[in-house]
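One-letter residues, chain by chain:
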Amino acid sequence: MDSKILIVEDEQSVVNLLRKGLEPEGFQVIAAYNGQAGLRAVTEARPDLLILDLTLPGLDGFELCRRIRKQPETARLPILVLSGRAEEVDKVVMLELGADDYVTKPFSPKELVARVKTLLRRVSTPALPQVLRVGTLEVDLDRYTVHVAGQPTSLTAKEFELLKALLEARERTLNRAFLLEQVWQYGEELEIETRTVDVHIRSLRKKLGSEGARIITVRNVGYRLDATSPPVNPAP
Ligand code: CA
């Protein structure tokens, strides 16, 4: 993977932190430290993705976002916004701005890298496969149906979304906080704890029967879906 990531952020320490997370993953990282330089870099360096801080000297992140979306040649550039606690922006505002995703500071570099990868994958595969298959597990994203070894399995909406997130992560470990955000969405049911994820995973495993063992618990982190092993045979 040699995607080029542009970071527009005036805080050197944040740029360094992002670099540390992204470069070992094979990303080429460039940085601009104010809005004007950022806008120039977007058109000149043609990055594959932009990580954009909202509070910048001069041209701020909001304005930069708008301008990027207005230019046809950059209108489709994936934008991940970094927002500080002070300017906490809700998802609606972000979507109006034209950002694809956002992360609130302080953020976990690992999670941010995961979000970057997800965004890049989304743009590189515009037509996602409608049916995801692993072993005898078959998930139809259009019809919201799940089959295990040809037999229909009935999942709740949350279980379905969890399974979808795990399948789409392609064996990457997803932490509980990430799953909470993906499946339970921002702002919804604020009292939900990470334990909720565990409860749903347990139920999901049970419902998936012989394929349930594919959902691997990664101690102190979260879960991943093992797509490589052959289907687990029931013990003789
Ligand atoms: Ca800033």
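Use the structure listed above.
Being a predicted model, the structure only gives us computed values, none of them experimental.

1. Observations regarding the overall build of the protein chain
In step 1: Each helix and strand in the protein chain was counted, giving 8 helices and 12 strands.
In step 2: Burial statistics for the protein chain: of 236 residues in total, 44% are counted as buried.
In step 3: For the protein chain, the computed accessible surface area is about 12500 Å², with 51% contributed by carbon and sulfur atoms.

2. Thoughts on the sheet that holds strand 2 (residues 28–32)
To summarise the sheet geometry, strands pair through backbone hydrogen bonds and adopt either a parallel or an antiparallel arrangement.
In step 1: Here we have 5 strands laid out as an open sheet, ordered 2-1-3-4-5, and parallel in their pairing. Edge strands, defined here as strands with exactly one partner in the open sheet, are strand 2 and strand 5 (101–104). Across the sheet, the axes of successive neighbouring strands diverge by a mean angle of 20°, strand direction being ignored.
In step 2: Note: strand 1 (residues 4–8) against strand 2, 5 bridges, orientation parallel. If you follow L6 over to strand 2, its bridge partner there is I30.
In step 3: Strands strand 1, strand 3 (49–53), strand 4 (79–83) and strand 5 of the sheet are contacted by helix 5 (residues 109–124), whose axis makes an angle of about 155° with strand 4.

3. Side note on the nonpolar core
In step 1: The biggest cluster of nonpolar side chains holds 28 residues, and the ones touching the most others in it are V139, V146, L162, L163, V197, L208 and I215.
In step 2: Where this core is concerned, the elements lending two or more residues are strand 6 (131–134), strand 7 (137–140), strand 8 (145–148), helix 6 (157–168), helix 7 (176–184), helix 8 (194–207) and strand 12 (222–225).
In step 3: For this core, the element with the most residues is helix 6, which contributes 6 residues.
In step 4: Apart from residues lying up to four places away in sequence, L162 is in contact with L179, V183, W184, V197, H200, I201 and L204.
In step 5: The next biggest cluster of nonpolar side chains, apart from the first, holds 22 residues, and it includes V42, L52, L56 and C65.

4. Overview of the coordination of the calcium ion
In step 1: Distances from the calcium ion to its protein donors, namely D10 (OD), D53 (OD), T55 (O) and T55 (OG1), fall within the range 2.2 to 3.0 Å.
In step 2: Mapped onto the sequence, the donors of the calcium ion take the spacing D-x42-D-x1-T. Highlighted residues: D10 in the loop between strand 1 and helix 1 (12–22) and T55 in the loop between strand 3 and helix 3 (61–70), separated in sequence by 45 residues.
In step 3: Given the relative accessible area of 34%, D10 is considered partly exposed.

5. Brief notes about the packing of helix 6 against helix 8
In step 1: Running from N to C, helix 6 and helix 8 cross one another at 85°; their axes reach a closest spacing of 10 Å. In this view, helix 6 runs roughly perpendicular relative to helix 8, as classed from their interaxial angle. Here K158, E159, L162, L163 and L166 of helix 6 come into contact with helix 8, specifically with V197, H200, I201, S203, L204 and K207.
In step 2: Considering only residue class, the contact of helix 6 with helix 8 consists of 6 nonpolar, 2 polar and 3 charged.

6. Considering helix 3
In step 1: Of the residues making up helix 3, those classed as buried are G61, L64, C65 and I68. All buried residues of helix 3 fall inside an arc of 100° around its axis, so they share one side.
In step 2: Its side-chain oxygen placed 3.2 Å from the backbone nitrogen of F62, D60 serves as the N-cap of helix 3.

Scoring rules and cut-offs
- Residues numbered from 1 in each chain as written.
- Predicted model: local features only at pLDDT ≥ 70, side-chain atom pairs only at ≥ 80, totals over all residues.
- Heavy atoms only, no water.
- Helix = DSSP H or I, 4+ residues; strand = E, 2+ residues; numbered from the N terminus.
- Buried < 20%, exposed > 50% of the residue type's maximum accessible area, 1.4 Å probe, protein only.
- Areas by Shrake-Rupley, 256 points an atom, 1.4 Å probe, with all protein chains shown as cover.
- Pairing = 2+ DSSP bridges.
- Axes fitted to C-alpha atoms, helices over the stretch in contact; angles between N-to-C directions.
- Contact = heavy atoms within 4.5 Å.
- Core = buried A, V, L, I, M, F, W, Y, C linked by side-chain atoms within 4.5 Å.
- Donors = N, O, S within 2.8 Å, 3.2 Å for Na, K, Ca; no water.
- Parallel < 35°, antiparallel > 145°, perpendicular 65-115°, else oblique.
- Nonpolar A, V, L, I, M, F, W, Y, C, P; charged D, E, K, R; others polar.
- Arc of directions from axis to C-beta.
- Polar contact = N/O pair within 3.5 Å; in protein donor to acceptor, adjacent residues only side chain to side chain.

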